[in-house]
Amino acid sequence: MKMSKRLFAEALGTCILIISVVGSGIMATNLTDDVALQLLANAGATVGALIALILMFGAISGAHFNPVVTAATCFFDARPWRELLPYAISQTIGGVIGAAIANSMFGLDILGPSTKIREGSGIWLGEIVATVGLLLVIFLVARGPRPESVPVAVGVWIGGAYWFTSSTSLANPAVTIARSFSESFAGIARESVPMFIIMQLISLLIAIFILSAFVDRKTI
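Reading the values: the criteria
- Residues numbered from 1 in each chain as written.
- Predicted model: local features only at pLDDT ≥ 70, side-chain atom pairs only at ≥ 80, totals over all residues.
- Heavy atoms only, no water.
- Helix = DSSP H or I, 4+ residues; strand = E, 2+ residues; numbered from the N terminus.
- Rg over C-alpha atoms; globule rule 2.2 N^0.38 Å.
- Buried < 20%, exposed > 50% of the residue type's maximum accessible area, 1.4 Å probe, protein only.
- Contact = heavy atoms within 4.5 Å.
- Areas by Shrake-Rupley, 256 points an atom, 1.4 Å probe, with all protein chains shown as cover.
- Lys, Arg positive; Asp, Glu negative; His and termini not counted.
- Charge placed at Lys NZ, Arg CZ, Asp CG, Glu CD.
- Phe/Tyr/Trp six-rings, centres within 6.5 Å; stacked < 30°, edge-to-face > 60°.
- Lys NZ or Arg CZ within 6 Å of the ring centre and 35° of its normal.
- Core = buried A, V, L, I, M, F, W, Y, C linked by side-chain atoms within 4.5 Å.
- 1 Å grid on protein atoms, 1.4 Å probe; cavity = no way out; pocket = protein on both sides within 12 Å on 5 of 7 lines; lining within 4 Å.
- Points joined across faces, edges and corners; volume = space filled by probe spheres on them.
- Axes fitted to C-alpha atoms, helices over the stretch in contact; angles between N-to-C directions.
- Left-handed = near helix turned anticlockwise from the far one by under 90°.
- Nonpolar A, V, L, I, M, F, W, Y, C, P; charged D, E, K, R; others polar.

Within the protein chain, the secondary structure is distributed over 8 helices and 0 strands. The helix and strand sequence of the protein chain, counted from the amino end, reads α-α-α-α-α-α-α-α. In terms of overall size, the protein chain behaves like a compact globule, its C-alpha atoms giving a radius of gyration of 16 Å where 220 residues would be expected to give roughly 17 Å. Viewed in the frame of its principal axes, the protein chain has a C-alpha envelope of about 50 × 35 × 30 Å. For the protein chain, the proportion of its 220 residues judged to be buried stands at 53%. Counting contacts in the protein chain only where the partners sit at least 6 residues apart, residues at least 24 apart contribute 77% of the total. Of the roughly 9800 Å² that the protein chain leaves accessible, carbon and sulfur atoms contribute 71%. Taking the 13 positively charged and 12 negatively charged side chains of the protein chain as two groups, their mean positions are separated by 13 Å.

This part is about the environment of isoleucine 89. Its location among the elements puts isoleucine 89 in helix α4 (residues 84–105). Note on isoleucine 89: relative accessible area 43%, which makes it partly exposed. With 109 residues separating them in the primary sequence, isoleucine 89 and isoleucine 198 have C-alpha atoms 17 Å apart.

Next up on the list: the packing of aromatic side chains. Counting across every chain of the model gives 4 aromatic pairs. Taking the centre distance of 6.3 Å and the plane angle of 90° together, the rings of phenylalanine 57 and phenylalanine 65 count as edge-to-face. For the pair formed by phenylalanine 57 and phenylalanine 65, the shared burial category is buried. Judged by centre distance (4.9 Å) and plane angle (80°), the rings of phenylalanine 75 and phenylalanine 76 are edge-to-face. Over the ring of phenylalanine 185 we find lysine 116; its NZ or CZ atom is 4.5 Å from the centre of that ring. The ring of phenylalanine 181 carries arginine 190 above its face, with NZ or CZ at 4.3 Å from the centroid.

A general tendency of soluble globular proteins is for nonpolar side chains to be buried together. In terms of nonpolar packing, the biggest core is built from 48 residues, with Phe65 and Val154 touching the most fellow members. Those elements that place two or more of their residues in this core are α1 (3–31), α2 (35–61), α3 (67–76), α4, α5 (121–142), α6 (150–164), α7 (173–179) and α8 (193–211). If we ignore the near neighbours within four places in the chain, the residues touching valine 154 are Leu50, Ile54, Leu134, Val137 and Ile138.

Let us look at the layout of surface pockets. The probe, sized like a water molecule, is rolled over the atoms to show the empty space still left. In this structure, the largest pocket occupies an estimated 650 Å³ of space. As for the largest pocket, its lining consists of 35 residues, and the residues nearest its centre are Gly62, Ala63, Val69, Ile138 and Val150. Of all the secondary structure elements, the ones that give two or more residues to the lining of the largest pocket are α1, α2, α3, α5, α6 and α7.

Turning to the environment of leucine 50, a few remarks are in order. Along the chain, leucine 50 falls in helix α2. Looking at leucine 50, the relative accessible area reads 8%, which means it is buried. The spatial distance from the C-alpha of leucine 50 to the C-alpha of threonine 165 is 18 Å, given a sequence separation of 115 residues. Not counting residues within four places of it along the chain, the set of residues in contact with leucine 50 comprises Leu17, Phe65, Val154, Gly155 and Ile158.

Attention now moves to the packing of α1 against α4. Two packed helices can be described by the angle between their axes and the distance between those axes. Running from amino to carboxyl end, α1 crosses α4 at an angle of 35°, the nearest separation of the two axes being 7 Å. The crossing of α1 and α4 is right-handed. Its residues assigned to classes, the contact of α1 with α4 comprises 15 nonpolar, 8 polar and 2 charged.

This is the structure in structure tokens:
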């Protein structure tokens, strides 16, 4: 598959993912003041969209929608490292466009920004749990007896991690940046973004260390 098509798939997939995350967050707050119901609605929409998007774009680009996933595939699946930056840029641009579309659908400022502060050691630890878990799910399921189950496994993990992690499982630098462009339930203040990304990168290193005990690196 040509690089241009793969990059477009990553941008479009991340765009639609963010539309689902931000749009469902806005809709939830429009419908109820119950925070638990808001989180349930947000998680449910994200699970459904994520599974569908991985099924849609998996055969085209790998359906990463996430720079740490792309980096991990470079390490374990012999993807050329030169593809990491173009993938990450495409994912981030697609995500920001998705936030703008979601904001526009609901009459919010097109590019936010969010004022929702997310910080503290517990929240940062939660982001590590979410991101490490995501990478373990992807690579261990993909190397297991039912690799076709990856889309469902990823969706279920993210949906569950919305609830059992203190950070509500952003687990993705591109998504984190995109969500800073929406003043909504799903938003994150821009001053909170750098530490989240640092935690996600630390998680990548932790996950590589753990996965190296179970997963053989592919060679070209």
